Amino acid sequence: MAKSSDDVWILGASMTKFGRYPGRDVVDLGSEAALAALSDGDVKIHDMQVMAVGNLAEAGGMVGQRIQKQIGQTGIPVYNVANACATGATAVRTVYMAIKSGEADMGLAVGVEVMGKAGLLGSAGRSKEGPNVYEPSGRYGAVMSPEGILGTGVMPGVFAQAGMEYAYENDGVTFEQFAKVAEKNHAHSVLNPLAQYQKAFSLEEIKAAEMVAYPNTLLMCCPTGDGAAAVVLVSGEKLASLSDEQRKRAVKISASVLTSDPWTERGQVQPDVNTLTRNAADAAYEKAGVSPQDLDLVELHDCFATAELLHYDNLRLCEPGGAGDFIDSGAPRRDGRTPVNVSGGLISKGHPLGATGVANLYEVATHLRGEAGDRQVPEAKVGLTHVIGLGSACAVHILEKAAS
Amino acid sequence: MAKSSDDVWILGASMTKFGRYPGRDVVDLGSEAALAALSDGDVKIHDMQVMAVGNLAEAGGMVGQRIQKQIGQTGIPVYNVANACATGATAVRTVYMAIKSGEADMGLAVGVEVMGKAGLLGSAGRSKEGPNVYEPSGRYGAVMSPEGILGTGVMPGVFAQAGMEYAYENDGVTFEQFAKVAEKNHAHSVLNPLAQYQKAFSLEEIKAAEMVAYPNTLLMCCPTGDGAAAVVLVSGEKLASLSDEQRKRAVKISASVLTSDPWTERGQVQPDVNTLTRNAADAAYEKAGVSPQDLDLVELHDCFATAELLHYDNLRLCEPGGAGDFIDSGAPRRDGRTPVNVSGGLISKGHPLGATGVANLYEVATHLRGEAGDRQVPEAKVGLTHVIGLGSACAVHILEKAAS
Amino acid sequence: MSTTVPIVDYLELGDEPRLVAKSCSSCGALYFDRRNACARCGGTDFDRRPLAGQGKVRTFTIVQRAAPGVKVPYVSAVVDLDGGGSVKSNLVDVEPAPEQVTLGMPVRLVTYSVGTDDQGTEAVAFGFAPA
Amino acid sequence: MSTTVPIVDYLELGDEPRLVAKSCSSCGALYFDRRNACARCGGTDFDRRPLAGQGKVRTFTIVQRAAPGVKVPYVSAVVDLDGGGSVKSNLVDVEPAPEQVTLGMPVRLVTYSVGTDDQGTEAVAFGFAPA
Ligand SMILES: [Zn+2]
Ligand SMILES: [Zn+2]
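(A) The overall build of chain A, seen in detail. On a plain count of helices and strands, chain A comes out with 13 helices and 11 strands. Relative to the compact-globule value of 22 Å for 404 residues, chain A shows a C-alpha radius of gyration of 21 Å, a close match. Overall size of chain A, expressed as C-alpha extent along the three principal axes, is 65 × 55 × 40 Å. By residue count, 67% of the 404 residues in chain A fall in the buried class. Long-range contacts, defined here as pairs at least 24 residues apart, represent 76% of the contacts in chain A between residues at least 6 apart. Total accessible area on chain A is roughly 12500 Å²; 49% of this is exposed by carbon and sulfur atoms. Put simply, chain A has 34 plus and 47 minus side-chain charges, and the middle of one group is 4 Å from the middle of the other.

Okay, here's the thing in structure tokens:
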């Protein structure tokens, strides 16, 4: 594995523990992650030539520059980006492009979100102020919010329907199989000190938990929370000039792909989370010259248990149509053939929206460096990260351990 | 001027008329501009390999993908970006980087904003709900909004203070000189059918208009409004394969630079709009191999008359400290040595925040193509665009006419 | 005398209520919303195309937890209409329990009142009932 | 008996009210806000540094139009304090007219009440008056 000067590498990586941080703002958490990633890469903010920051709640609020004003105002270009739940990964890609284009040889990407107790259910209620007069408005000429009348458009239901569609197309995937995904991820999280929750649940507990949107119970849905993650990227050429220790711990980005959802027949009523994931994965495998069988671990976007199951298939981790069998076989468990979400996944590690796409790079990089402690996947050499945001945007990265 | 394959070119450009569009949303205006830019470049959405969209009001709202869903869902990567008033230019730079990095050979950048009647004064009022109990909060431990008590932090005042600081440092610039900037831009706008306002005002009318924040009267402040602009960018290599007509109208991006504000002594209390503009301009001149004297026209960020005057100096259009003399001399008028804001500028053309940084590329490109009609700057071969967003971000582009 | 208004403009009321899509004149892609162009082919001309009132459940969920103001439980489903077009709505006249809904089950379009405004105008929604 | 609270935490009340900055232990850069690190040098240690109560007006504006709830007109100014530090606040005891304010004019820190909350706590702000 040559350190081609065309490659882009992760030099430093960090994440805050995910959880609830009352009293800390997006700048505090973003700064903490950024400073930790710089320190991890043994570089300074003054070495950075570009910065990209992903945050959703304050997407128009210059979060990148506000973080600069706390950790170092050096005059470098800042990109504030947003792409739903792929926001953090989009920040990484932006720095990646800046390096690839030759504009920078080192850059910082930060993903951060402060959600507090905001829920994923939206606020589609039909409370009214003033007189109630039906007036068609918006692109569908709606006279009231259609949520709960013309079906559901909020996340738990959308991903539940995506799971049931997979079940329909593939001759039945059972409630129990969906629940097994959550059982696995909760079990994994016990070993991850940075996870928002570190508690195992039995399959029975998960199935018996409050139903949110069938087949997803509360224990099959990601929590809301606060957190941040950051990576320092460096060009291969620049990396060659750094210390042995830095080079040894560097992780190669063998592929970085971002896609949106192409037109599909039903996309306007049921977001198609599959095609863009397949497109991103296929492009990434091709670019990296890696096949799904080569992967030692995968961090994928399990916002709901149903979603993870779909993505086994979308990322080609299982036989076509065989996602149910795949979870039954134990393959995605930490000691299985292709460990998936050994961090605990979004379901248990947490899902501070803007941070997620950077945090999964941190997780995979940490395993490739052999620094994942109790949850280390032994001998991990190649890993894949995946995030998807409704609307839609999907990012896939393939990472490889430095040849030592 | 060789068409180096390393260069990036503007193949298509468009803007909607700026103004008020009740009933049209961000997707309508963005789609209109995008379709017009594609048509102007004689290409289709299916030719695009990347898309970046700048919008502030819905920065976290997947505006790019929503536009795709109206004009073509082809699965390409979408970047939703925000950088205050440099948002549109940041979208352009993102596509520019994607092309420079070799990831795409053609891409679409859109800037769009629907402001309605939102003002630039913010909503810093101290209205309270519930009991009024002073609790220190935020990064300054403030017990109430400091706006209007500890000075002003909203735009008209900030840019007024920036202008007065220039006056202090450069032995006095008069109220009349600031007012002349607005007189010039309003006069220019009369010839621009896409301007939000097309009305000339006398210097006396401008000085006598309602004072907003001394020395800026209402006629020295940009209006709020709605609008969109878009450009199609193409690599030099791809351009070489296109038709004669497309190549003839293509405009070269000789430099594309984005900066943020480096630390300065007073930056935390009075945003320094100068240093990052100087840094961006100097880098752009160097990259393009162009000097300020070579510029045939400039579209710069005259959000307030005071701002334009400062930027004469920051962009090196005048002698150091000589911005007052520069406006007095008539140099920045349409028939002067270095025409500035022949479009009418933000003050009269309008300033739909996310659209502005793309619209000024449209304006300069239109002159370089010799297609600016009544307002055409004769024989225009080289132009510069500049935007700055508080927070801060500054983008400078230098454009050159294709060698024919 | 009361007037009625459809909850969305792609529902056409009358003796036989029906859903009416916009169909791209170039490629036939179907849409329910106001269009700027076709997301599939880029075409800008559209024809009105009434859709069938019968179809099959392609997927569903049973929503038990929702934002305030949304009545739960309810069955949300995507229905593939006979002859083309897919639409999302609630399943009605079905008990909201997993064992009562079958993937692929045939359903038919029904309409019902979902409220009356201060001027006496009645809003009419659509859903799908077992065929 | 009433208590007082400063409008912002970098105003220190008492017999001689003063502004207190955080000074970067490495490079001396001054800040008024809660810090994660130094924006100039990246250092993370800060010392308290009281600033002078006298200074000069570096720039000003007279705000005549503002958001609802903000009383106009008023003079906003940036003051360079003697011995280091720049701060923004209102000029007080000055008529809000361009000819009454001079760039470079010497000013001194003053404090005044800007309101009392429901528990009787008085908020104290600072401004600058002609010296
Ligand atoms: Zn079509
Ligand atoms: Zn320092």
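On we go.
(B) Looking closely at the coordination of the zinc ion (ligand 1). All names here are of chain C. Looking at the zinc ion (ligand 1), one finds its protein donor set to be Cys24 (SG), Cys27 (SG), Cys38 (SG) and Cys41 (SG), positioned 2.3 Å from the metal centre. Taken together, the 4 donor atoms coordinating the zinc ion (ligand 1) span angles of 101 to 115° at the metal, a pattern that classifies the geometry as tetrahedral. Here the donor residues of the zinc ion (ligand 1) are spaced in sequence according to C-x2-C-x10-C-x2-C.

(C) Quick peek at the packing of helix H3 (residues 87-100) of chain B against helix H13 (residues 353-368) of chain B. Packing of H3 of chain B against H13 of chain B brings their axes to within 4 Å, and their N-to-C directions diverge by 60°. Of H13 of chain B, the residues touching H3 of chain B (which contributes Thr87, Gly88, Ala89 and Val92 of chain B) are Gly354, Gly357, Val358 and Leu361 of chain B.

(D) Structural view of the interface of chain C and chain A. Of the residues lining the interface, 55 residues belong to chain C; the matching set on chain A comes to 45 residues. Note on chain C versus chain A: buried area summed over both sides is about 4300 Å², and carbon and sulfur give 57% of it. When the buried area of chain C at its contact with chain A is split by residue, Arg58, Arg65 and Lys88 of chain C rank highest and sum to 18% of it. Taken together, chain C and chain A are joined by 4 salt bridges. In this structure, arginine 58 of chain C and glutamate 165 of chain A form a salt bridge, with 2.4 Å as the shortest nitrogen-oxygen distance.

(E) Geometry of the packing of aromatic side chains. Going through the model one piece at a time under the given rule, you end up with 18 aromatic pairs over all chains. With 6.0 Å between their ring centres and 70° between their planes, tyrosine 140 of chain A and tyrosine 10 of chain C make a pair best called edge-to-face. Here tyrosine 140 of chain A is found in the loop between strand E4 (106-113) and helix H4 (155-169), whereas its partner tyrosine 10 of chain C is found in the loop between strand E1 (4-6) and strand E2 (11-12) on a different chain. Residues tyrosine 10 of chain D and phenylalanine 32 of chain D carry aromatic rings whose centres are separated by 4.5 Å and whose planes lie at 35° to one another, so their mutual orientation is tilted. Taken together, the positions of tyrosine 10 of chain D in the loop between strand E1 (4-6) and strand E2 (11-12) and phenylalanine 32 of chain D in the loop between strand E4 (30-31) and strand E5 (46-50) put the pair 22 residues apart, joining distant regions of the chain. Neither tyrosine 10 of chain D nor phenylalanine 32 of chain D differs from the other in exposure class; each is buried. Directly above the aromatic system of tyrosine 31 of chain D lies the positively charged group of arginine 35 of chain D, at a separation of 3.8 Å from the ring centroid.

(F) Geometry of the coordination of the zinc ion (ligand 2). Residue and element names in this part refer to chain D. Protein coordination at the zinc ion (ligand 2) comes from Cys24 (SG), Cys27 (SG), Cys38 (SG) and Cys41 (SG), with a distance range of 2.3 Å. Around the zinc ion (ligand 2) sit 4 donor atoms; with metal-centred angles ranging over 101 to 115°, the donor geometry is tetrahedral. In terms of primary sequence, the donors binding the zinc ion (ligand 2) are separated according to C-x2-C-x10-C-x2-C. Placement of the pair is cysteine 27 in the loop between strand E3 (18-24) and E4 and cysteine 38 in the loop between E4 and E5, with a sequence separation of 11 residues. Overall, cysteine 27 belongs to the partly exposed group, its relative accessible area being 26%. Residue class for cysteine 38 comes out buried when judged on its relative accessible area of 0%.

(G) Quick look at the environment of glutamate 319 of chain B. Turning to its location among the elements, glutamate 319 of chain B is positioned in the loop between helix H10 (305-314) and helix H11 (323-329). Note: C-alpha distance between glutamate 319 of chain B and alanine 82 of chain B (237 residues apart in sequence) is 33 Å.

(H) The arrangement of the side chain of threonine 152 of chain B in detail. Along the polypeptide, threonine 152 of chain B turns up in the loop between strand E4 (106-113) and helix H4 (155-169). The exposure class assigned to threonine 152 of chain B is buried, which follows from its relative accessible area of 1%. The residues contacting threonine 152 of chain B, other than those within four sequence positions of it, are Glu147, Gly157, Val158 and Gln161 of chain B together with Thr61, Val63, Tyr74, Ser76 and Lys88 of chain D.

(I) How the structure looks around the interface of chain D and chain A. In this assembly, 10 residues from chain D lie in contact with 13 residues from chain A. Of the roughly 800 Å² buried at the junction of chain D and chain A (both faces included), carbon and sulfur atoms supply 33%. Scanning the region where chain D abuts chain A turns up 2 salt bridges. On the surface where chain D and chain A come into contact, there are 9 residue pairs in polar contact (both at pLDDT 80 or more). Of the residues contributing to the side of chain D that touches chain A, the split by class is 4 nonpolar, 2 polar and 4 charged.

Reading the values: the criteria
- Residues numbered from 1 in each chain as written.
- Chains lettered and ligands numbered in written order.
- Predicted model: local features only at pLDDT ≥ 70, side-chain atom pairs only at ≥ 80, totals over all residues.
- Heavy atoms only, no water.
- Helix = DSSP H or I, 4+ residues; strand = E, 2+ residues; numbered from the N terminus.
- Rg over C-alpha atoms; globule rule 2.2 N^0.38 Å.
- Buried < 20%, exposed > 50% of the residue type's maximum accessible area, 1.4 Å probe, protein only.
- Contact = heavy atoms within 4.5 Å.
- Areas by Shrake-Rupley, 256 points an atom, 1.4 Å probe, with all protein chains shown as cover.
- Lys, Arg positive; Asp, Glu negative; His and termini not counted.
- Charge placed at Lys NZ, Arg CZ, Asp CG, Glu CD.
- Donors = N, O, S within 2.8 Å, 3.2 Å for Na, K, Ca; no water.
- Tetrahedral: all angles 85-135°; square planar, octahedral: opposite > 155°, others 65-115°.
- Axes fitted to C-alpha atoms, helices over the stretch in contact; angles between N-to-C directions.
- Buried area = accessible area lost by both parts, 1.4 Å probe.
- Salt bridge = Lys/Arg side-chain N within 4 Å of Asp/Glu carboxyl O.
- Phe/Tyr/Trp six-rings, centres within 6.5 Å; stacked < 30°, edge-to-face > 60°.
- Lys NZ or Arg CZ within 6 Å of the ring centre and 35° of its normal.
- Polar contact = N/O pair within 3.5 Å; in protein donor to acceptor, adjacent residues only side chain to side chain.
- Nonpolar A, V, L, I, M, F, W, Y, C, P; charged D, E, K, R; others polar.

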